[in-house]
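Structural overview for review
This is what each chain is made of:
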Amino acid sequence: DRHLRPHVSLWAPVSKLSMSADCAKVTIKITLTSDPKLPFKVFKVPETAPFTALIKYAAEEFKQNAATSAVISNDGVGINPAQTAGEVFLKYGGDLRLIPRDRVG
């Protein structure tokens, strides 16, 4: 009986979270292309989060200047930051690249 209680109590919050629509999240992997080692970080953010906020946070995590960074898809397509993380995920997928703008072109 003691072993069942923790197991049962763990399932209740999980089912509530997965059923809630305003809790929907997307997972986006961002790779820093200016580093030859190609480090990456995986971010799990709400679908409704502004993509600009994700860019800023990712740039800070990579110790880059967010104001001079751009995000592109794996195909090299530039991504307009004025949309939600969910919209970016649907249009470009969950594998993106962060590039410092001084290295563009």
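Keep in mind the model is a prediction, meaning the values are calculated, not measured.

Right, let's get into the nonpolar core. Counting 19 residues, the largest nonpolar core has Ile30, Phe51 and Leu96 as the members making the most contacts within it. Of all the secondary-structure elements, those providing two or more residues to this core are strand E1 (25–32), strand E2 (40–46), helix H2 (51–61), helix H3 (85–92) and strand E4 (95–100). Per-element tally for this core: the top contributor is H2, with 5 residues. Excluding its chain neighbours within four sequence positions, the residues that come into contact with Leu96 are Ile28, Lys29, Ile30, Thr31, Phe51, Val71, Ile72, Ser73, Ile79 and Val88.

Turning our eyes to something else, we now look at the packing of aromatic side chains. Two aromatic rings, taken as a pair, are described by how far apart their centres are and by the angle between their planes. Within the structure shown, the criterion is met by 1 aromatic pair. Where Phe43 meets Tyr57, the ring centres are 5.8 Å apart and the plane angle is 80°; that geometry is what we call edge-to-face. One end of the pair, Phe43, is in strand E2; the other, Tyr57, is in helix H2, with 14 residues separating them in the sequence. Relative accessible area serves as the criterion here: at 7%, Phe43 is assigned to the buried category. Above the ring of Phe40, the side-chain terminus of Lys29 is found at 4.6 Å from the ring centroid. One residue, Lys41, lies across the ring of Phe62, its end atom 5.7 Å from the ring centre.

Now for the environment of Asp95. In this structure, Asp95 sits in strand E4. The spatial distance from the C-alpha of Asp95 to the C-alpha of Ile72 is 9.4 Å, given a sequence separation of 23 residues. Excluding its chain neighbours within four sequence positions, the residues that come into contact with Asp95 are Lys29, Thr31 and Asn74. Only 2.9 Å separates the side chain of Asp95 from the side chain of Asn74, close enough to count as a polar contact.

On the secondary structure map, Ser69 appears in strand E3 (residues 69–73). Separated by 2.7 Å, the side chain of Ser69 and the backbone oxygen of Asn65 make a polar contact. Not counting residues within four places of it along the chain, the set of residues in contact with Ser69 comprises Ala59, Gln64, Leu98, Ile99, Pro100 and Arg101.

A few words on the sheet that holds E1. Spatial strand order, E2-E1-E4-E3: 4 strands in an open sheet with mixed pairing. At either end of the open sheet lies a strand with only one pairing partner, and these are E2 and E3. Taking the axes of each pair of neighbouring strands and ignoring which way they run, one obtains an average angle of 35° across the sheet. By the bridge criterion, 5 bridges tie E3 to E4 in an arrangement that is antiparallel. Paired with Ser73 across the two strands is Leu96, which belongs to E4. Along the sheet face, H2 touches E1, E2, E3 and E4 and points at about 150° away from the line of E2. Running over the sheet, H3 touches E1, E2, E3 and E4 and is turned about 70° from E1.

Cut-offs and rules
- Counting restarts for each chain: residues are numbered from 1 in the order of the written sequence.
- Owing to the predicted nature of the model, reporting of local features is limited to residues with pLDDT of at least 70; listing and counting of side-chain atom pairs is limited to 80 or more, with chain, interface and lining totals taken over all residues.
- Hydrogens are left out, water is left out, and the side-chain values use all remaining heavy atoms of the structure.
- To form a nonpolar core, buried Ala, Val, Leu, Ile, Met, Phe, Trp, Tyr and Cys residues must be joined to one another through side-chain atoms within 4.5 Å.
- Burial status follows relative accessibility: with a 1.4 Å probe on protein chains alone, a residue under 20% of its type maximum counts as buried, one over 50% as exposed, and anything between as partly exposed.
- Numbering of helices and strands starts at the N terminus; helices are DSSP runs of H or I of at least 4 residues and strands are runs of E of at least 2.
- Throughout, a residue-residue contact means that at least one pair of heavy atoms, one from each residue, lies within 4.5 Å.
- Between 30 and 60 degrees the pair is tilted, below 30 it is stacked and above 60 it is edge-to-face, where a pair is any two Phe, Tyr or Trp rings, Trp via its six-membered ring, whose centres lie within 6.5 Å.
- Put simply, a charge is over a ring when the Lys NZ or the Arg CZ is close to the ring centre, within 6 Å, and near the line of the ring normal, within 35 degrees.
- In protein, a polar contact requires one atom able to donate a hydrogen and another able to accept it; more generally it is a pair of N or O atoms within 3.5 Å, and residues adjacent in sequence count only if both atoms are side-chain atoms.
- DSSP-based pairing: two strands are paired if at least 2 bridges between them are found.
- Between the N-to-C directions of two axes lies an angle of 0 to 180 degrees, each axis being a line fitted to C-alpha atoms and, for a helix, fitted only over the stretch in contact.

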